[in-house]
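Commentary on secondary and tertiary structure
Okay, here's what each chain looks like letter by letter:
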Amino acid sequence: MAVLRLGDVAPDFTAQTSQGEINFHEWLGDSWGVLFSHPADYTPVCTTELGTVAKYSDEFTKRNVKVVALSVDGVDSHMGWIADINETQDTEVNFPIIADEDRKVSDLYDMIHPNADNTLTVRSVFIIGSDKKIKLIIVYPASTGRNFDEIIRVIDSLQLTAYRKLATPANWKHGDDCVVSPAVKTEDIPELFPKGHKVIKPYLRTTPMPD
Ligand code: BEZ
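Keep in mind it's a predicted model, so treat the numbers as computed, not measured.

Right, let's talk about the side chain of Ser37 for a bit. For Ser37, the location among the structural elements is in strand S3 (residues 32–37). Of the polar contacts made by the side chain of Ser37, one reaches the backbone oxygen of Val122; its length is 2.6 Å. When residues no more than four places from it in sequence are discounted, the contact partners of Ser37 are Leu70, Met111, Thr121, Val122, Arg123, Ser124 and Arg146.

This part covers the site of the ligand. Around the ligand, the neighbouring residues are Pro39, Thr43, Pro44, Val45, Cys46, Arg123 and Ala142. In the environment of the ligand, an oxygen atom lies 3.2 Å from a nitrogen or oxygen atom belonging to the backbone of Pro44. Across the complex, the protein chains shield 73% of the 270 Å² of accessible surface that the ligand would expose by itself. Residue contributions to the shell around the ligand peak at three residues, all from helix H2 (residues 44–55).

Look at H2 against helix H4 (residues 75–89): their axes get within 9 Å of each other, and the N-to-C directions meet at 75 degrees. Between H2 and H4, the interaxial angle falls into the category roughly perpendicular. Only Trp81, Ile85, Thr88 and Gln89 of H4 make contact with H2, whose side of the interface consists of Cys46, Thr47, Thr48, Leu50, Gly51 and Lys55. For the contact of H2 with H4, a count of residues per class yields four nonpolar, five polar and one charged.

In terms of domain boundaries, the protein breaks down into domain 1 (14–146) and domain 2 (164–207). A C-alpha centroid distance of 35 Å is found between domain 1 and domain 2.

Take the pairing of strand S11 (residues 204–207) next. Pairing of strand S9 (residues 178–180) with S11 involves two bridges; the strand directions are antiparallel. Among the inter-strand pairings, Val179 is bridged to a residue of S11, identified as Thr206. Bridge count between strand S10 (residues 198–201) and S11: three bridges; the pairing is antiparallel. What sits directly across from Val199, in S11, is Arg205. Remark: two residues form the turn of the hairpin made by S10 and S11, two consecutive strands paired antiparallel.

In this structure the tally under the stated criterion is seven aromatic pairs. Here the aromatic rings of Phe13 and Phe24 are separated by 4.7 Å at their centres, their planes lie at 15 degrees, and the arrangement is stacked. Residue Phe13 is found in the segment before strand S1 (14–17), and its partner Phe24 is found in helix H1 (residues 24–28); the two are separated by 11 residues along the sequence. Ring centres 5.7 Å apart and planes at 65 degrees place the aromatic pair Phe36 and Phe148 in the edge-to-face group.

The next point concerns the environment of Ala142. Position of Ala142 relative to the elements: it lies in the loop between strand S7 (134–140) and helix H6 (148–162). Setting aside its immediate chain neighbours within four residues, Ala142 contacts Pro39 and Arg123.

A word on the pattern of salt bridges. Side chains that carry opposite charge are capable of pairing whenever their charged atoms lie near each other. Taken as a whole and assessed by the stated rule, the structure comprises nine salt bridges. Here Asp176 ties to Lys173 by a salt bridge, and the two come within 3.6 Å at their closest N and O atoms. When its relative accessible area of 26% is taken as the criterion, Asp176 is described as partly exposed. Measuring nitrogen to oxygen at the nearest pair gives 2.9 Å for the salt bridge that ties Lys195 to Asp211. Within this pair, whereas Lys195 is found in the loop between helix H7 (189–192) and S10, its partner Asp211 is found in the segment after S11, the two being separated by 16 residues in sequence. Relative accessible area serves as the criterion here: at 46%, Lys195 is assigned to the partly exposed category. Judged by relative accessible area, Asp211 falls into the exposed class, the value being 81%. Taken together, the shared-partner salt bridges connect Glu59, Lys62, Arg63 and Asp156 into one network.

Reading the values: the criteria
Residues numbered from 1 in each chain as written. Predicted model: local features only at pLDDT ≥ 70, side-chain atom pairs only at ≥ 80, totals over all residues. Heavy atoms only, no water. Helix = DSSP H or I, 4+ residues; strand = E, 2+ residues; numbered from the N terminus. Polar contact = N/O pair within 3.5 Å; in protein donor to acceptor, adjacent residues only side chain to side chain. Contact = heavy atoms within 4.5 Å. Near = heavy atom within 4 Å. Areas by Shrake-Rupley, 256 points an atom, 1.4 Å probe, with all protein chains shown as cover. Axes fitted to C-alpha atoms, helices over the stretch in contact; angles between N-to-C directions. Parallel < 35°, antiparallel > 145°, perpendicular 65-115°, else oblique. Nonpolar A, V, L, I, M, F, W, Y, C, P; charged D, E, K, R; others polar. Domains from an automatic or database assignment. Pairing = 2+ DSSP bridges. Phe/Tyr/Trp six-rings, centres within 6.5 Å; stacked < 30°, edge-to-face > 60°. Salt bridge = Lys/Arg side-chain N within 4 Å of Asp/Glu carboxyl O. Buried < 20%, exposed > 50% of the residue type's maximum accessible area, 1.4 Å probe, protein only.

Listed below in structure tokens is the structure:
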């Protein structure tokens, strides 16, 4: 298993899921992707997480992002648990959950951290760009449910900065001012960012978020 780093191509795989077999790269197509693992089916924190992701379905779709979950349980287990999630979280899980019983995908993405747990996956999140490259990796322990507002916020930042010479400052959220990339000369800012800019220090220039 190679160490995965930002900028690497997300490893491709074929796997069984709650929505049939998928080939990951084919399934992604031209979309961005979120691949996230959870420790096990029929567990309380995971139940709330998957319910939350289902409720955010429109948010992911409007950002051209496909979402896929993973645990080391099988398809039958996933199907029964999805019914529970739909019932208890008042939603409809409409994304696939990978049934990684042989740990093939978990190993490929280093989702099992033996010093945390020998067999169950930790809560990993991979955000993958439309170029199939890994844009973000976050790892949470089993006891901490993820904040999916943060995942959406990062997607907004990644998509905004992917094609513009911008970065986003601490606690940035959609609509806030952005930071102009250090590679841009101050005299070139007006042409690149016509909404205006502020020079707070020569190395710290901000501009309103472009439309
Ligand atoms: C949970 O999803 O609730 C959970 C799973 C494994 C360990 C602790 C909590």
